[in-house]
Amino acid sequence: MAFRGFSFRGQNASSGMGVSEACRPTFLELQGKRAHRYIIFKIDEKKREVVVEKTGEPAEGYEDLIAALPENDCRYAVFDFDFLSPENVPKSKIFFIAWAPTTARVRPRMLYATSKGRFKHELDGFHYEIQATDPTEMDLDVLKERIR
C-alpha cells in the first residue's frame, strides 16, 4: 500500500532492522560459556539486519573493545565486565553499549536508534545499558559507577 509516495511494505528506518540468526548463539557463547569478552554488532543495510562484526577473545579487555569501535560510525556492543564485589567475590555483569558518535552521519544514527529495541529483545540478558555519543560516555569508570 502506498500513500503520497510512502510505502508501508517491508522494513524502513522507523521499523528497525532484522537480527541475523548468528547474533543470538554468539551472545549465548559470551553469556553462558564465556567464550568471548565482547561482541560488536553492526547493521548490514544490504541484508537489512544486524550482524556480528567482531568478537573479542576472553583474554582481551575493555580497551580492546573501545579500540575496535569505529570513530565515525555506529555500532552495538556487548561487554562481559569482570569485577570484585565489596566482599572480594569475583562477579561478572553484561553491558549493552549503543555507540552512536556525534560524528556519524544522520541515517546510521537513525537506523541504530530505531533498531535497538528489537535487537535488545532478541538478545535478552543484559544487566546494564550505556548509550554513548563520545568515548568519555563509555569510559571504564562509567561501567564501574554503574555496578555500584
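Note: the structure precedes this text.
What counts, and at which threshold
- Residues numbered from 1 in each chain as written.
- Predicted model: local features only at pLDDT ≥ 70, side-chain atom pairs only at ≥ 80, totals over all residues.
- Heavy atoms only, no water.
- Pairing = 2+ DSSP bridges.
- Helix = DSSP H or I, 4+ residues; strand = E, 2+ residues; numbered from the N terminus.
- Right-handed = clockwise from strand over helix to strand, strands pointing away.
- Phe/Tyr/Trp six-rings, centres within 6.5 Å; stacked < 30°, edge-to-face > 60°.
- Buried < 20%, exposed > 50% of the residue type's maximum accessible area, 1.4 Å probe, protein only.

Caption draft 1: Structural context of the pairing of strand 8 (residues 128–132). Relative to strand 8, strand 7 (residues 90–99) runs parallel, the two sharing five bridges. Looking at strand 8, one finds that Phe96 is bridged to Glu129. For the segment spanning strand 7, helix 3 (residues 106–122) and strand 8, crossover handedness is right-handed.

Caption draft 2: Up close: the packing of aromatic side chains. The tally for this structure, following the rule as stated, stands at 12 aromatic pairs. Ring centres 4.9 Å apart and planes at 65° place the aromatic pair Tyr62 and Phe79 in the edge-to-face group. Pair noted here: Tyr62 is in helix 2 (residues 62–68) and Phe79 is in strand 6 (residues 75–84), with a separation of 17 residues, a long-range link. You'll find Tyr62 and Phe79 in the same group, each marked buried. With a centroid separation of 6.3 Å and 40° between ring planes, the pair formed by Phe79 and Phe81 is classed as tilted.

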